[in-house]
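Listed below, chain by chain, are the residues.
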Amino acid sequence: MVVSDKAEAQRIDHFFSMPAARADRWRELTSVANNWAAGAADAASVRSAFESLGAIEGFHAFPGRRLMAKLNEHLETGSAESFTELARRVSRSIITRRYKQDALDWQSDDAFGDDPSAFVDTFEDAERRRPYFEMLMVTPAAAMRSEKLIGEMRRLRRPEDSFIYEAVQVSSFEDAISAAIINPAIAAVTIYEGFAQTSSNAAPILRNFLDATGFGASAVSEEDRPLALANALKRIRPEIDIYLLSDRRVEAVAGDERAAAVRRVLYSVEEMLELHLTVMEGIAARYRTPFFDNLKKYAMRPISTFHALPIARGKSVFKSDWIRDMGEFYGLNLLLAESSATTGGLDSLLEPTGNIKMAQEMAARAFGADRVFFVTNGTSTSNKMVHQALVAPGDIVILDRNCHKSHHYGLVLAGGQPLYVEAFPMTEYSMYGAVPLESIKKALLDLKEEGRLDRVKMVDLTNCTFDGHIYNVRRVMEECLAIKPDLVFLWDEAWFGFARFSPFLRPRTAMGAAAAIEAWMRDPKSVEAYEKQQAELGESPSRETLLETRLIPDPRKIRLRVYQTNSTHKSMSALRQGSMILVKDVEYHTVESQFREAVFTHASTSPNQQLIASLEIARRQMELEGYGLVTNAIEIALAIRREVNSHPLISRYFKVLGADAMIPSEFRNTGFVDFLSPGVTWADQVRSMHEDEFCLDPTRMTLVCGTAGFDGTEFKALLANTYDIQLNKTSRNSVLLQSNINNTRSDIAHLIRVLLEICHGIEDRLSQGGDAGRKGFEARVKSLMHDVPDLPNFSRFHEVFRSDAGERTPEGDMRTAFYGGYDPEAVEYVPITSEECERRLKNGPEMVSANFVIPYPPGFPIMVPGQVVTPETIDFMRKLDVKEIHGYERSRGLKLIKPDMVAAGRRK
Ligand SMILES: Cc1ncc(COP(=O)(O)O)c(C=O)c1O
């Protein structure tokens, strides 16, 4: 890889754009070669383009060393035509990925060479379309010629194999890490003993990456190297199957603690067929989708149904004159695969014992949890299930007030009392960030000082937030556990389920952080660290000291209880409403029956079969290709960020906010500015991910449109109606763009072209509108960007709903207030524009909300039942220019609990 400038080589986007850059470099090579063949370029320029393909070609099975050698030979012998022909074919095959199916693409003119059978076998696969993957073989350099080894693996292929693979061979620890990172098709790794530590490739981007992540830094002894490599690979891509071929006493290797990372230890090279079969079995274990596999079989059976659900089997649809188009549109299989039965191997979602149970266990493996529950009513329901299962009436839950409404409703139903903690405000963009750890610690210390720590059950936060703020999940849990070692954590990762499959994001997921804490608890040094800190803190450290110190919990006392909910449908290939609850809870056995009750309470007794199947299919996809898909989503986001912010015209009117704009500097201790800021390197990024209180998910892009004169809702409508670009969230002056596993480079091109067209439109209007037009535009921008309403903090619960609350903490009995509002005699309505509203804000009696009021956007409750209405809240509501305010009827006004009812509550 030729990257001359050192700073360039360290750029984060260069790393993520390696697959796209690879395709570009092949295209470039083809174009120079065409010129060479036409006599318009010399061989030296072709040589230079060929060399720029660089070391990363060696990390891919295709085109492989044989075809690369052939290209080199054509270049050496000056065969411009042959070179161009072969380069064009390789390039096209890489771009279209045809080599995965078509054996012809692996041939050069004489490429059948010494091993024809292997290629013929590959060719037969074209008809069968077996899924294709690559296996990395890490071998000592001298011991085996890689072509021979790769050929040997090919000869083991059998028609019965369900999958087809090609081998990629490297000879060092560093190259193995690089290959696993760069080549997402690698699904299995076979490690032979005796390979080297350091790469002989001089690839600056990789060198920087390896050094920044610590994978290139420390050398390990040759004996330890295979297991060290296995463990390093697992840290990067836990889904990969790792096999170890050893000449030594395999029993001893297998008995080593660190061998847990290895799927199987095999004895020496003689076991090639055994290895082949084991590799196939490993892939099959991830490919298997027990529920879906059975559902397909079920759909093919001639079944008469005498249960409900007439749509099942499709007869009522296809025989109908009136609704046949439904069947034609959705296809017969959808109807054949419908059933309300739990027999016939279909299992029951509510009490799974068969293939749904297996599917959930496989999801637990994939997502790093102890157990997983499939939920077919969205994460709204998953959250309510967790609340009901774990929170009893009167329990306090420390909750981000800005979190999704399912948490607030969940607490109403469970009777838990929310202790609202505020996220930092981003007033200029009318949105909230995330909750500073200090606020959470303060709440816990307040409860502790009042002797009421036993009342607090759970800390409940959104990670990442809608707008992309990622918590330092491990630090939050560790510091909270240092104050209360048995706290339960609920991380709402509705948007972040995909993060498991990126090594850059995984440490900041609930399950990633829980695994790190578990490992830390097992390390004897942890007790020492805890005791050392205790000695430093002394007998009774001050509150300030506790707030300032990064607290270390006592590893012997921690009861690690972590729950994560994710909307699988939001970031993976599940159908809408497909959601999962991930559990890692050492006390789960004590709440198991409660959990089942919660599932019974909230789950539909008619769960949709296709939804269940899609959840396990999403799992299969992420386990087999999630890494590449997520890397691609990040690459696309970085490309959009780069194009928008650096385009001379687009950047005049639009901007994608960087980490510096989204996260106040006090929460970016490392000084990290943004992914693409000049001079920012991998080392900065890694340090920021490790240490900073908040990071930004690169795939969530806040695009400021107020500077182009559009409010968020208006801009969203423009993109949808005129340009067929759909997006989700808006704020007063921004929209949220999100890249996901579905996006391609064409989407970037489309977006950029559209933004450019919109900018040209603005320029035309400004140039034709004269002075008045310009002033109007400026006033509009000013109003959108500067005349923004202050965001109202949670005021307080009225004291009648705080009868069992402490002095210092703001929790309240929201449930009593909520049900109080059910009595028509107990409530009144006051319009926010009325004189009465004004008068009562000034002179009382206080107005107390009888329900939730949730404007959308921004989507957080500005009033909850039992909350005292303040001038700030009313001011915010008056300035809100959104149409949808859930819980507020414009014609009637605010729904309040009547003052005499409040007074009666006070007298009680
Ligand atoms: C943070 C968060 N949690 C939960 C949900 C609810 O998820 P679902 O739509 O799957 O019910 C949402 C929906 O937008 C959300 O943003």
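Since this is a predicted model, take the numbers as computed values, not measurements. (Residues numbered from 1 in each chain as written. Predicted model: local features only at pLDDT ≥ 70, side-chain atom pairs only at ≥ 80, totals over all residues. Heavy atoms only, no water.)

### Some thoughts on unusual backbone geometry
For the bond from Phe62 to Pro63, the omega torsion is 5°, close enough to zero to count as cis. You can see Pro63 is positioned in the loop between helix 4 (43–51) and helix 5 (64–76). The omega torsion of the bond from Asn463 to Cys464 falls at -10°, within 30 degrees of zero and hence cis. As for its position among the elements, Cys464 is in the loop between strand 11 (456–462) and strand 12 (469–471). Unlike most non-glycine residues, Asp347 shows phi in positive territory, near 65°. (Helix = DSSP H or I, 4+ residues; strand = E, 2+ residues; numbered from the N terminus.)

### Considering the state of the cysteines
Should the sulfur atoms of two cysteines be covalently bonded, the bond is a disulfide. A full pass over the atoms with the stated rule returns zero disulfides. For Cys403, which is in no disulfide, the shortest distance to another cysteine sulfur is to Cys464 and amounts to 14 Å. Of all cysteine sulfurs, the one in Cys464 lies closest to Cys695, which takes part in no disulfide; the gap is 11 Å. (Disulfide = S-S within 2.5 Å.)

### Comments concerning the pattern of salt bridges
Applying the stated criterion to the full structure yields 60 salt bridges. Residue Asp224 is joined to Arg258 by a salt bridge in which the shortest nitrogen-to-oxygen separation is 3.4 Å. Of the two residues, Asp224 sits in the loop between helix 10 (204–213) and helix 11 (225–236) while Arg258 sits in the loop between helix 12 (250–255) and strand 5 (264–267), which places them 34 residues apart along the sequence. Among the residues examined, Asp224 registers a relative accessible area of 30% and is labelled partly exposed. In this structure, the salt-bridge partner of Glu623 is Arg365, at a minimum N-O distance of 2.8 Å. Linking Glu623 in helix 28 (residues 609–646) with Arg365 in helix 18 (residues 355–367), this pair joins segments that are 258 residues apart in sequence. Among the ionic contacts, a cluster of salt bridges with common partners joins Asp241, Arg263, Glu281, Arg286 and Arg288. (Salt bridge = Lys/Arg side-chain N within 4 Å of Asp/Glu carboxyl O. Buried < 20%, exposed > 50% of the residue type's maximum accessible area, 1.4 Å probe, protein only.)

### Considerations on the site of the ligand
For the ligand, the full set of nearby residues is Gly378, Thr379, Ser380, Asn383, His404, Thr462, Asp492, Ala494, Trp495, Ser567, His569 and Lys570. A distance of 2.8 Å is found between an oxygen atom of the ligand and a side-chain nitrogen or oxygen belonging to Ser567. His569 is positioned with one of its side-chain polar atoms (N or O) 2.8 Å from an oxygen atom of the ligand. When the ligand sits alone it has 390 Å² of accessible area, and the protein chains cover 85% of it. Of all the secondary structure elements, the ones that give two or more residues to the shell around the ligand are helix 19 (378–390) and helix 26 (568–571). (Near = heavy atom within 4 Å. Polar contact = N/O pair within 3.5 Å; in protein donor to acceptor, adjacent residues only side chain to side chain. Areas by Shrake-Rupley, 256 points an atom, 1.4 Å probe, with all protein chains shown as cover.)

### Structural notes on the side chain of Glu623
Taking the relative accessible area as the measure of exposure, Glu623 reaches 4% and is therefore buried. Setting aside anything within four residues of it in sequence, one finds Glu623 in contact with Glu239, Arg286, Arg365, Ala366 and Phe501. (Contact = heavy atoms within 4.5 Å.)

### Describing the packing of aromatic side chains
Note on aromatic pairs: each is described by the distance of the centres and the angle between the planes. This model, assessed by the stated rule, comprises 35 aromatic pairs. Relative to Phe777, the ring of Tyr653 has its centre 6.2 Å away and its plane inclined at 80°; by these criteria the two rings are edge-to-face. One end of the pair, Tyr653, is in helix 29 (residues 650–653); the other, Phe777, is in helix 34 (residues 770–785), and 124 residues separate them in sequence. The same class applies to Tyr653 and to Phe777, which are both buried. Through pairs of rings, three or more aromatic residues link up here, namely Tyr409, Phe818, Tyr819, Tyr822 and Phe852. (Phe/Tyr/Trp six-rings, centres within 6.5 Å; stacked < 30°, edge-to-face > 60°.)

### Here we look at the confidence of the model for the chain
In the predicted model, the chain carries a mean pLDDT of 90, and the fraction of residues at 70 or more is 94%. Confidence drops under a pLDDT of 50 for residues 111–127, and excluding neighbours within four residues, the segment shows 30 contacts in the predicted structure. (pLDDT = per-residue confidence, 0-100.)

### Quick notes on helix 9 (residues 173–182)
Most of helix 9 sits out of view: ten of its ten residues are buried. Where helix 9 is concerned, the buried positions are Phe173, Glu174, Asp175, Ala176, Ile177, Ser178, Ala179, Ala180, Ile181 and Ile182.

### Things to note about the pairing of strand 18 (residues 700–704)
Looking along a regular strand, one sees the side chains alternate between the two faces of the sheet. When you tally the buried positions in strand 18, you get five out of five residues, the bulk of the element. Side-chain alternation along strand 18 places Arg700, Thr702 and Val704 on one buried face and Met701 and Leu703 on a second face that is also buried. Where strand 16 (residues 655–656) and strand 18 come together, two bridges link them in antiparallel fashion. Along strand 18, the bridge assignment pairs Lys655 with Val704. Two elements, strand 18 and strand 19 (residues 734–738), share five bridges in a ladder whose sense is antiparallel. The partner of Met701 across the bridge, within strand 19, is Leu737. (Pairing = 2+ DSSP bridges.)

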